[in-house]
Amino acid sequence: MRSVSKENITKAFMGYCGEETDPRLHFVLEKLVTHLHDFAREVELTHEEWRKGLELLLKAGDISTPERNEFVLMSDVLGLSSLVDMINSAEEGTPSSVLGPFHILGAPDLPVGGDLKQDNESPTVIVGGTVKDSQGIPISGAEFEIWQTAENGLYSNQDTAQPDYNLRAHMKVGSDGKYLFSTIRPAPYTVPDDGPVGELLHATGREPWRPSHLHFIVTAPGHRTLVTEVFPSDDPYLNQDAVFGVRDALVMQYQEKTDPAEIPPGLAIGNDVTVPYYMVDFDFVLAPE
Ligand code: BEZ
Ligand code: FE
């Protein structure tokens with residue numbers, strides 16, 4: 001096209017795409033460029049603002065390493081990661097939530113009733129419940145992975161002072177669908193805010209905090225894999241999660257207990273616990289495949 005204008009540039013772009021373009025790529029690109037061009041027209045983007053945007057991307061590239069992907073973080077704090085997650089999650093069952101960058105493969109097995117707390121300081125939390133299908137029937141053959149922060153708000157792979165795989169486990173859930181383990185209360189933490197994403201957060205008066213949470217990946221034959229996280233109802237950052245991961249159905253009660261006699265049977269720690277301790281009852285509902 002020779003006479004490109006503000007009005008027809010989007011059409012011109014699509015006209016340049018060849019017949020052989022994959023149909024899905026064609027559709028996604030068309031929508032992307034349409035919204036991008038509409039955005040620039042709507043806000044009357046200045047050269048200065050456009051340059052700043054590109055500088056932000058350049059800085060994100062500069063600070064990114066195999067361990068730190070600033071582009072993923074940008075997607076997280078813009079709500080895009082959570083939106084993609086919600087678009088693709090099952091309609092029924094426990095809602096999914098963001099995976100985050102701190103999951104690692106190979107966590108050790110923990111039997112039902114096992115102790116994840118080990119030598120970690122912090123009050124004991126006993127977490128238990130049932131993995132069910134959408135009819136409420138316990139699923140046999142479910143497994144999950146759990147990972148969480150230590151008392152200092154860091155995951156084991158962020159903190160050389162923690163033993164490898166600290167506060168991480170893989171569990172084969174009982175044939176009755178029940179799971180149970182003891183751990184510590186995870187701590188809230190901030191997403192990295194010393195880079196361009198941090199600049200964006202600070203410039204808009206936003207907090208870099210994530211409310212404390214336990215991450216889970218729950219799998220079972222014949223069911224959709226659930227990647228999710230659960231949050232305590234009294235966390236101060238529940239209403240301003242920097243990455244938009246909180247859903248009502250993922251908020252649980254930490255019930256404070258002062259009597260060790262209330263500890264459920266089948267826990268490796270027995271009733272050897274300092275008080276107060278906390279109990280969490282959370283069922284996972286998996287959607288069919
Ligand atoms: C996390 O929950 O581990 C996480 C998610 C998104 C960004 C940073 C951390
Ligand atoms: Fe996390």
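Residue numbers restart at each chain and count upward from 1, following the sequence in its written direction. The lettering of chains begins at A and the numbering of ligands begins at 1, in the order of writing. Two thresholds apply to this predicted model, a pLDDT of at least 70 for residue-level local features and 80 or more for giving and counting side-chain atom pairs, whereas whole-chain, interface and lining totals are computed over all residues. Side-chain measures here rest on the full set of heavy atoms in the structure, leaving out hydrogens and waters.

Peer 1: How do you make sense of the overall build of the protein when you look at a structure like this?
Peer 2: Elements are defined by DSSP. Helices are runs of H or I of four residues or more, strands are runs of E of two residues or more, and each kind is numbered from the N terminus. Within the protein, the secondary structure is distributed over six helices and 13 strands. Each residue is placed in one exposure class: buried if its accessible area under a 1.4 Å probe, protein chains only, is under 20% of its type's maximum, exposed if it is over 50%, and partly exposed if it falls in between. Sorting the 289 residues of the protein into buried and exposed places 43% on the buried side. Should any heavy atoms of two residues lie within 4.5 Å, those residues are counted as being in contact. Residue pairs in contact within the protein that sit at least 24 positions apart in sequence constitute 70% of those at least 6 positions apart. Areas reported here follow the Shrake-Rupley algorithm with a probe of radius 1.4 Å; residue values treat only the protein chains shown as occluding. Surface exposure of the protein reaches about 16200 Å², of which carbon and sulfur atoms provide 55%. Just so you know, the count uses Lys and Arg for positive and Asp and Glu for negative, and it drops His and the chain ends. The atom standing in for a charge is NZ when the residue is Lys, CZ when it is Arg, CG when it is Asp and CD when it is Glu. Between the centroid of the 21 positive side chains of the protein and the centroid of its 45 negative side chains there is a distance of 8 Å.

Peer 1: Hey, could you run me through the environment of Asn 69 in this one?
Peer 2: The residue Asn 69 is located in the loop between helix H3 (47–63) and helix H4 (70–77) in this model. A C-alpha to C-alpha distance of 8.5 Å links Asn 69 and Pro 101, two positions 32 residues apart in sequence. There is a polar contact of 2.9 Å between the side chain of Asn 69 and the backbone nitrogen of Phe 71. Two N or O atoms count as a polar contact when they lie within 3.5 Å, although within protein this holds only if one can serve as hydrogen donor and the other as acceptor, and sequence-adjacent residues are included solely when both atoms are side-chain atoms. Among the polar contacts listed, one links the side chain of Asn 69 to the backbone nitrogen of Val 72, at a separation of 3.1 Å.

Peer 1: Please clarify how the coordination of the iron ion (ligand 2) should be interpreted in this entry.
Peer 2: By definition of the ideal shapes, a tetrahedral metal site with four donors has angles of 109.5 degrees and an octahedral site with six donors has angles of 90 or 180 degrees. Around the iron ion (ligand 2), the protein contributes the donor atoms Tyr 155 (OH), Tyr 189 (OH), His 213 (NE2) and His 215 (NE2), which lie 1.9 to 2.2 Å from the metal centre. Excluding water, the donors of a metal are its N, O and S neighbours within 2.8 Å, or within 3.2 Å for Na, K and Ca, and that exclusion means sites may look incomplete. All donor residues of the iron ion (ligand 2) come from one chain, and their arrangement in sequence is Y-x33-Y-x23-H-x1-H. Residue Tyr 155 is located in the loop between strand E3 (143–147) and strand E4 (168–172), and its partner His 215 is located in strand E8 (residues 214–219); the two are separated by 60 residues in the primary sequence. Taken individually, Tyr 155 and His 215 each receive the classification buried, so the pair is uniform in this respect.

Peer 1: In this structure, what is going on with the packing of H3 against H4? I would like to understand it.
Peer 2: Any two packed helices are characterised by the angle at which their axes cross and by the distance between the axes. Structural elements are reduced to axes, namely lines fitted to C-alpha atoms, with helices fitted over the stretch in contact, and the angle between N-to-C directions of any two is expressed from 0 to 180 degrees. Where H3 contacts H4, the axes come no closer than 8 Å and their chain directions differ by 130 degrees. Relative to H4, the element H3 lies oblique. Between H3, through Leu 56, Leu 57, Ala 60, Gly 61 and Ile 63, and H4, the contact on the second element is made entirely by Glu 70, Phe 71 and Met 74. For the contact of H3 with H4, the residue count by class is six nonpolar, one polar and one charged. Roughly parallel means an angle under 35 degrees; roughly antiparallel means over 145; roughly perpendicular covers 65 to 115; every other angle is labelled oblique. For this scheme, ten residues count as nonpolar: Ala, Val, Leu, Ile, Met, Phe, Trp, Tyr, Cys and Pro. Four count as charged, namely Asp, Glu, Lys and Arg, and the remainder, Gly too, count as polar.

Peer 1: It is not clear to me how the domain arrangement of the protein should be interpreted in this structure. Could you clarify?
Peer 2: How big an interface is tends to be expressed through the accessible area that disappears when the partners come together. Where each domain starts and ends follows an automatic or database-derived domain assignment. The assigned domain composition of the protein is domain 1 (9–45) and domain 2 (80–286). Domain 1 and domain 2 are separated by 40 Å when their C-alpha centres are compared.

Peer 1: Would you take a moment to explain the site of ligand 1 for this structure?
Peer 2: Proximity criterion: a residue is near a molecule or strand once any of its heavy atoms comes within 4 Å of it. Contacts to ligand 1 come from Asp 76, Gly 100, Pro 101, Phe 102, Tyr 155, Tyr 189, Val 191, Arg 210, His 213, His 215, Glu 229 and Val 243. Note that an oxygen atom of ligand 1 is positioned 2.5 Å from one of the side-chain N or O atoms of Arg 210. Here His 213 contributes a side-chain N or O atom positioned 3.2 Å from an oxygen atom of ligand 1. The distinction between a cavity and a pocket rests on a 1 Å grid over the protein atoms alone: a 1.4 Å probe fits inside a cavity but cannot get out, while a pocket stays open yet meets protein on both sides within 12 Å along at least five of seven lines, and a residue with an atom within 4 Å of a point counts as lining. Being in a pocket or cavity means that more than half of the molecule's atoms lie within 2 Å of its grid points. According to the grid-proximity analysis, the pocket containing ligand 1 is the largest pocket. Residue composition of the shell around ligand 1, grouped by class: six nonpolar, three polar and three charged.

Peer 1: What is the right way to read the layout of surface pockets from this model?
Peer 2: Within this model, the largest pocket holds a volume of roughly 610 Å³. When residues of the lining of the largest pocket are traced back to their parent elements, those giving at least two are H4 and strand E6 (189–190). Residue contributions to the lining of the largest pocket peak at three residues, all from H4. Size it by volume and the second largest pocket reaches roughly 410 Å³. Along its surface, the second largest pocket is lined by 14 residues, and Phe 39, Leu 45, Glu 49, Trp 50 and Gly 53 are the ones closest to its centre. Looking at the lining of the second largest pocket, the elements with two or more residues in it are helix H2 (23–43) and H3. The residue inventory of the lining of the second largest pocket, partitioned by class, reads eight nonpolar, four polar and two charged. Grid points are joined across faces, edges and corners, and a volume is the space filled by probe spheres set on the points.

Peer 1: Explanation requested: the pairing of E8 in the structure shown.
Peer 2: Successive side chains on a regular strand alternate, one facing one side of the sheet and the next facing the other. Burial analysis of E8 places five of its six residues in the buried class, the great majority of the element. Here a strand pair is declared whenever DSSP counts at least two bridges between the two strands. As paired strands, E3 and E8 are joined by five bridges and run antiparallel to one another. The residue of E8 that forms the bridge with Glu 145 is Ile 217. Note that E8 and strand E9 (residues 226–232) share five bridges and pair antiparallel.

Peer 1: Explain the side chain of Asp 115 to me, please; I cannot follow it from the model alone.
Peer 2: The topology assignment puts Asp 115 in strand E1 (residues 114–115). Each reported salt bridge corresponds to a side-chain nitrogen of Lys or Arg within 4 Å of a carboxyl oxygen of Asp or Glu. We note that Asp 115 is buried and unpaired, the nearest opposite charge coming from Lys 117 at a distance of 6.8 Å. Among the polar contacts listed, one links the side chain of Asp 115 to the backbone nitrogen of Lys 117, at a separation of 3.1 Å. Those residues in contact with Asp 115, other than ones at most four positions away along the chain, are Leu 110, Ser 182, Ala 268 and Ile 269.

Peer 1: Teacher, can you tell me more about the environment of Glu 42 here?
Peer 2: With respect to the element layout, Glu 42 can be found in helix H2. In this structure, the C-alpha to C-alpha distance between Glu 42 and Phe 282, residues 240 residues apart in sequence, is 46 Å.

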